[in-house]
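# Examination of the molecular architecture
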Amino acid sequence: MYFLCPHCRDELSLNAGGRLVCATCGDSGARQMDEGLIFFDRCQDTHNFFEKQALEQLDRFYQDYDDQRFEDCLGRQELWEMDEANRHVGITKKFWWERYLGKIENKRVLDVGSGVNYIVPYLLRSDNEVVAFDVCAESVRYQRKMLGRLSVPIDRLTSAVADVEQIELSQAFDVVNVNNVLHHVDDKLAALSRLHRCLNDDGKLMIVEPNYYYPPRWIIETDVFDPFNAVKNFFVRNYLIEQGEKAVIFSELASLLAETGFRVDHRMKDENYLSYFTVYWMRERSLLARTFGWCDRVILGNVLPRILAPFEYIVASKV
Ligand SMILES: [Zn+2]
């Protein structure tokens, strides 16, 4: 059991009613549903955002998913060729960490806000032990259903419906992966402090988040033009962004990381300046998508600064 009492960090044990209890505090607010699935009661995605935004589309992407489709998906690493299922949930570059950390295998990995994407199946396929959680119960269930279609060792996965601002986990993880999560979290300080406590002393924290100052995103998210921002209103009305959603200001995140005891080892800008706001209307691997990808890699990626990049990637260690 990786999850600890959220109040005192003592071990939890399973009682006869299926509840996880702490010897000191009593009920932890969590229950074990099935083997490998834990559910924290008070954890609700209050805006119901992910359900509306993504889940109705998941079946379209994954209904005939199998090992062969999964292998094909892993081969599509850059945004211009990205498979629709991963592109749809904001993946712009697969395996970005490998240039810094190499292949992640035979490790204990925590995937925070895991959603449904290539990362957990890939980590399981690479002989890692994985704990993955999300605030959205439906996406946790769907991820397990999708994994059931693949020949990956699902018995090495612990899933949970849980909130990163509230959980405590044992200090057991070699890698903690945070992919497009922090910009939905109100109390980032609490979240990062909790992640710090569950990372091994020589472990690595990997973060990918959208950058607030990427110009097409800034126009959608800024409050400067409220309430007359027609583009923003359209995106909120159609569940393309959450009400009040703000991407990450990386200078602020860097301060929070320092405050919570992390040292930033690497920062990498995402180079998809042009592709990120165009490629969604193009077919994957189309000539135009390939041309825009080339333009980003060869020209814009070399001249435009990090402060304007669509995403930023960070690797951090414990101080
Ligand atoms: Zn306790």
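Residues numbered from 1 in each chain as written. Predicted model: local features only at pLDDT ≥ 70, side-chain atom pairs only at ≥ 80, totals over all residues.

### Brief notes about the overall build of the chain
Regarding its fold elements, the chain presents eleven helices and 13 strands. Its C-alpha radius of gyration of 20 Å places the chain within 12% of the 20 Å reference for a compact globule of 319 residues. Referenced to the eigenvectors of the C-alpha coordinate spread, the extents of the chain come out at roughly 60 × 45 × 40 Å. Split into buried and exposed, the 319 residues of the chain put 38% on the buried side. (Helix = DSSP H or I, 4+ residues; strand = E, 2+ residues; numbered from the N terminus. Rg over C-alpha atoms; globule rule 2.2 N^0.38 Å. Buried ≥ 20, exposed ≤ 12 C-beta atoms within 10 Å, placed from the backbone.)

### Some remarks on the sheet that holds strand β13 (residues 311-318)
Pairing between sheet strands relies on hydrogen bonds along the backbone, with the strands arranged either parallel or antiparallel. Pairing is mixed across the open sheet formed by eleven strands, whose spatial order is β2-β3-β4-β5-β8-β7-β6-β10-β11-β13-β12. Edge strands, defined here as strands with exactly one partner in the open sheet, are β2 (12-14) and β12 (262-269). Shown here is a sheet whose adjacent strand axes are inclined to one another by a mean of 20°, direction ignored. The pairing of strand β5 (residues 37-40) with strand β8 (residues 157-161) spans three bridges and is classified as parallel. The partner of Leu37 across the bridge, within β8, is Ser159. Its contacts with the sheet place helix α10 (residues 250-259) against β12 and β13, and it is angled at close to 155° to β12. (Pairing = 2+ DSSP bridges. Axes fitted to C-alpha atoms, helices over the stretch in contact; angles between N-to-C directions. Contact = placed C-beta atoms within 7 Å.)

### Focus: the environment of Ala160
Structurally, the position occupied by Ala160 is in strand β8. Sequence separation of Ala160 and Val264 is 104 residues, and the distance between their C-alpha atoms is 28 Å. Those residues in contact with Ala160 that sit more than four places away from it in its chain are Phe3, Ile38, Phe40 and Phe133.

### Section: the domain arrangement of the chain
What the domain assignment reports for the chain is domain 1 (1-34) and domain 2 (48-318). Using C-alpha coordinates to define each centre, domain 1 is positioned 29 Å away from domain 2. If you look at the interface, domain 1 gives six residues, while domain 2 gives nine residues. Taken together, the residues of the side of domain 1 that touches domain 2 sort by class into five nonpolar, no polar and one charged. (Domains from an automatic or database assignment. Nonpolar A, V, L, I, M, F, W, Y, C, P; charged D, E, K, R; others polar.)

### As for the pairing of strand β11 (residues 199-210)
Two faces belong to every sheet, and in a regular strand the side chains alternate between them. With respect to burial, β11 is a largely interior element, nine of its twelve residues being buried. In the classification by handedness, the crossover that spans strand β10 (residues 173-179), the intervening helix α7 (residues 188-198) and the parallel β11 is right-handed. By the bridge criterion, seven bridges tie β11 to β13 in an arrangement that is antiparallel. In the sheet register, Glu209 faces β13, and the bridge partner there is Glu312. (Right-handed = clockwise from strand over helix to strand, strands pointing away.)

### Some thoughts on the environment of Leu199
Within the secondary structure, Leu199 is located in strand β11. With 23 C-beta atoms packed within 10 Å, Leu199 lands in the buried category. Once the C-alpha coordinates of Leu199 and Ala172 are considered, the two residues, 27 residues apart in sequence, prove to be 6.3 Å apart. Among residues more than four places away in sequence, those in contact with Leu199 are Phe173, Val176, Leu205 and Lys318.

### Quick notes on the nonpolar core
Phe3, Leu110, Val112, Val130, Val176, Leu195 and Leu205 are the most contacted members of the largest nonpolar core, which totals 80 residues. Per element, the largest residue contribution to this core is five residues, and it comes from β11. Residue assignment places this core across two domains, with domain 1 (1-34) and domain 2 (48-318) each supplying three or more. Every residue in contact with Leu195, bar those within four places of it in the chain, is listed here: Val112, Val176 and Leu205. (Core = buried A, V, L, I, M, F, W, Y, C linked by C-beta atoms within 7 Å.)

### With respect to helix α11 (residues 287-303)
Between its terminal C-alpha atoms α11 stretches 23 Å, which fits the 24 Å expected from 17 residues at 1.5 Å a residue. Along α11, the positions that sit buried rather than exposed are Ala289, Phe292, Gly293 and Asp296. (Expected span 1.5 Å × (residues − 1).)

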